[in-house]
Amino acid sequence: AQTVTQSQPEMSVQEAETVTLSCTYDTSESDYYLFWYKQPPSRQMILVIRQEAYKQQNATENRFSVNFQKAAKSFSLKISDSQLGDAAMYFCALKDNNNDMRFGAGTRLTVKP
Amino acid sequence: NAGVTQTPKFRILKIGQSMTLQCTQDMNHNYMYWYRQDPGMGLKLIYYSVGAGITDKGEVPNGYNVSRSTTEDFPLRLELAAPSQTSVYFCASGPGVWGEQFFGPGTRLTVL
């Protein structure tokens, strides 16, 4: 069965600095996608970044990048130049070729001015 | 495009009542999903559909039913509401099994 673990319930970062959110996962499938979603207080789920497991190159979207370590089953999210608007819950998610997308429990990110 | 819309935004039910949560998407996506999010937790899949007339169970289907008569609509039915069904419910849609899922704004349901 798929599992996704986020070991940091809360993280804090100073505005303009860099923060890394951790995620580990487990799956027996060889084909899968990994995602980071952001959930601000509005509750809306917003896709931040995604990574295809078959790609060795780490995905990057502007200030957001991932460190994908396939052998270690690790998928961390790095936020550079943190902004006040980055404050939210962040969820790591795993989807293989079944239709069940599994989410971690989330990390609450606080950005201090 | 409105994307994925859900109604109602909030609802309070008494134990034993029934209700239907509505979900509509205007992106012509074949795949649609229902999740629940309990306080302090991630989302868990209740049911999903890969096209009109095709539905299947997710991780936590007990106490729920779905139907998919059109591409656009994917209602979730709660029969005999229980306090354990107090949660925020999200509907999502996507273009394929590997694609991004687009989420609705959620419905906060309280069962008292």
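Residues numbered from 1 in each chain as written. Chains lettered and ligands numbered in written order. Predicted model: local features only at pLDDT ≥ 70, side-chain atom pairs only at ≥ 80, totals over all residues. Heavy atoms only, no water.

(A) Main features of the interface of chain A and chain B. In this assembly, 23 residues from chain A lie in contact with 27 residues from chain B. Note on chain A versus chain B: buried area summed over both sides is about 2000 Å², and carbon and sulfur give 55% of it. If you sort the residues of chain A by the area they bury against chain B, A:Arg43, A:Asn99 and A:Phe103 come out on top, with a joint share of 33%. Where chain A packs against chain B, one counts one salt bridge. For A:Arg102, the salt bridge identified is with B:Glu59, shortest N-O distance 3.5 Å. Our count for the chain A to chain B interface comes out at five residue pairs in polar contact (both at pLDDT 80 or more). When contributions to the side of chain A that touches chain B are tallied by element, the ones reaching two or more residues are β5 (32-39), β6 (46-52), β10 (88-96) and β11 (101-103) of chain A. The dominant element in the side of chain A that touches chain B, judged by the number of residues it contributes, is β5(A), at five residues. (Contact = heavy atoms within 4.5 Å. Buried area = accessible area lost by both parts, 1.4 Å probe. Salt bridge = Lys/Arg side-chain N within 4 Å of Asp/Glu carboxyl O. Polar contact = N/O pair within 3.5 Å; in protein donor to acceptor, adjacent residues only side chain to side chain. Helix = DSSP H or I, 4+ residues; strand = E, 2+ residues; numbered from the N terminus.)

(B) Quick peek at the pairing of strand β9 (residues 74-79) of chain A. Residues and elements named next belong to chain A. Sheet topology places strand β3 (residues 19-21) next to β9; three bridges connect them, and they run antiparallel. If you follow threonine 20 over to β9, its bridge partner there is lysine 78. In this structure, strand β8 (residues 64-69) lies alongside β9, joined through six bridges in antiparallel fashion. Its bridge partner lying in β9, serine 65 is registered against lysine 78. The turn linking β8 back onto β9 is made up of four residues, and lysine 73 within it adopts a positive phi angle of 55°. (Pairing = 2+ DSSP bridges.)

(C) A look at the nonpolar core. Residues and elements named next belong to chain A. By size, the foremost hydrophobic cluster in this structure holds 25 residues, and its most contacted members are Tyr25, Trp36, Phe75, Leu77 and Tyr90. Residue assignment for this core shows that the elements contributing at least two residues are β3, β5, β6, β8, β9, β10 and β12 (107-112). Broken down by element, this core gets its largest block of residues, four residues, from β10. With near-sequence residues (within four places) excluded, tyrosine 90 lies in contact with Gln6, Leu21, Trp36, Tyr37, Lys38, Val48, Phe64, Leu77, Ile79, Gly106, Thr107 and Leu109. (Core = buried A, V, L, I, M, F, W, Y, C linked by side-chain atoms within 4.5 Å. Buried < 20%, exposed > 50% of the residue type's maximum accessible area, 1.4 Å probe, protein only.)

(D) Structural context of the environment of A:Leu77. Residue and element names in this part refer to chain A. Secondary-structure assignment places leucine 77 in strand β9. For leucine 77, a relative accessible area of 0% translates into the label buried. It is 7.0 Å that separates the C-alpha atoms of leucine 77 and phenylalanine 64, two residues lying 13 residues apart in sequence. Here leucine 77 is in contact with Val19, Thr20, Leu21, Trp36, Val48, Ile49, Phe64, Ser65, Val66 and Tyr90, once residues within four sequence places are set aside.

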